[in-house]
Amino acid sequence: MQPLSLIILATIGVAQGGYAPKESPKLPDGFCPKETGTATATTGECMCDWQHKDGCVGSGCQYQYGLSFYHYSCKDCKCVAKP
């Protein structure tokens, strides 16, 4: 097999792995209040309105690429209102 063919096959495999799930998870009641965040449609995450490292508090909060968010499985996480 030629090197170019291997590169193309590897790229296709990586691109396919990045898709969001086709069905959204069942989110718990009260998850991601609209006053402080927005729930994603398919991944079950709450994107905090205040995009700052302090925009989310709790054990499962994440701050990546300038975005503050948490997954619905984090029971003690919540977004913080922008000061």
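All of the points below concern the structure found in this document. (Residues numbered from 1 in each chain as written. Predicted model: local features only at pLDDT ≥ 70, side-chain atom pairs only at ≥ 80, totals over all residues. Heavy atoms only, no water.)

A count of helices and strands for the chain gives one helix and six strands. N-terminal to C-terminal, the α/β element order of the chain is α-β-β-β-β-β-β. Of all 83 residues assigned to the chain, the portion counted as buried reaches 19%. The contacts in the chain between residues at least 6 apart in sequence include a share of 27% that link residues at least 24 apart. For the chain, the computed accessible surface area is about 6,200 Å², with 59% contributed by carbon and sulfur atoms. (Helix = DSSP H or I, 4+ residues; strand = E, 2+ residues; numbered from the N terminus. Buried < 20%, exposed > 50% of the residue type's maximum accessible area, 1.4 Å probe, protein only. Contact = heavy atoms within 4.5 Å. Areas by Shrake-Rupley, 256 points an atom, 1.4 Å probe, with all protein chains shown as cover.)

Here we come to unusual backbone geometry. Of note in the backbone geometry, Cys32 takes a positive phi value of approximately 55 degrees without being a glycine. Structurally, Cys32 is set in the loop between helix H1 (3–17) and strand E1 (37–39).

Further remarks concern the sheet that holds strand E5 (residues 67–71). Here four strands make up an open sheet; going across it, the order is E1-E2-E5-E4 and the pairing antiparallel. Of all strands in the sheet, those bounded by a partner on one side alone are E1 and strand E4 (62–64). Each neighbouring strand pair of the sheet contributes to a mean axis angle of 30 degrees, computed without reference to strand direction. Of the pairings in the sheet, the one linking E1 to strand E2 (residues 45–48) comprises three bridges and is antiparallel in character. The residue of E2 that forms the bridge with Thr38 is Met47. (Pairing = 2+ DSSP bridges. Axes fitted to C-alpha atoms, helices over the stretch in contact; angles between N-to-C directions.)

Moving on to the nonpolar core. A general feature of soluble globular proteins is that nonpolar side chains tend to end up buried together. Core analysis: the largest hydrophobic core is formed by nine residues, namely Phe31, Cys32, Cys46, Cys48, Cys56, Tyr70, Cys74, Cys77 and Cys79. Not counting chain neighbours up to four residues away, the residues in contact with Phe31 comprise Ala39, Gly44, Glu45, Cys46, Tyr70, His71 and Tyr72. (Core = buried A, V, L, I, M, F, W, Y, C linked by side-chain atoms within 4.5 Å.)

Covered by surrounding structure in E2 are Cys46 and Cys48 only, the residues Glu45 and Met47 on the alternate face being uncovered. As consecutive antiparallel partners, E1 and E2 are separated by five residues, and within that stretch Gly44 has a phi angle of approximately 70 degrees, a positive value. Bridge count between E2 and E5: three bridges; the pairing is antiparallel. The residue bridging Glu45 from the neighbouring strand is His71, located in E5.

Along the chain, Ser68 falls in strand E5. Ignoring sequence-local partners within four residues, the contact set of Ser68 consists of Cys46, Met47, Cys48, Trp50, Gln51, His52, Gly55, Cys56, Gln62 and Tyr63.

A regular strand places its side chains on the two faces of the sheet in alternate fashion. By the bridge criterion, three bridges tie E4 to E5 in an arrangement that is antiparallel. Bridge assignment links Tyr63 to a residue of E5, and that residue is Ser68. Hairpin connection from E4 to E5: two residues lie between these consecutive antiparallel strands, with Tyr65 at a positive phi of about 55 degrees.

None of this, on its own, says anything about what the molecule does.
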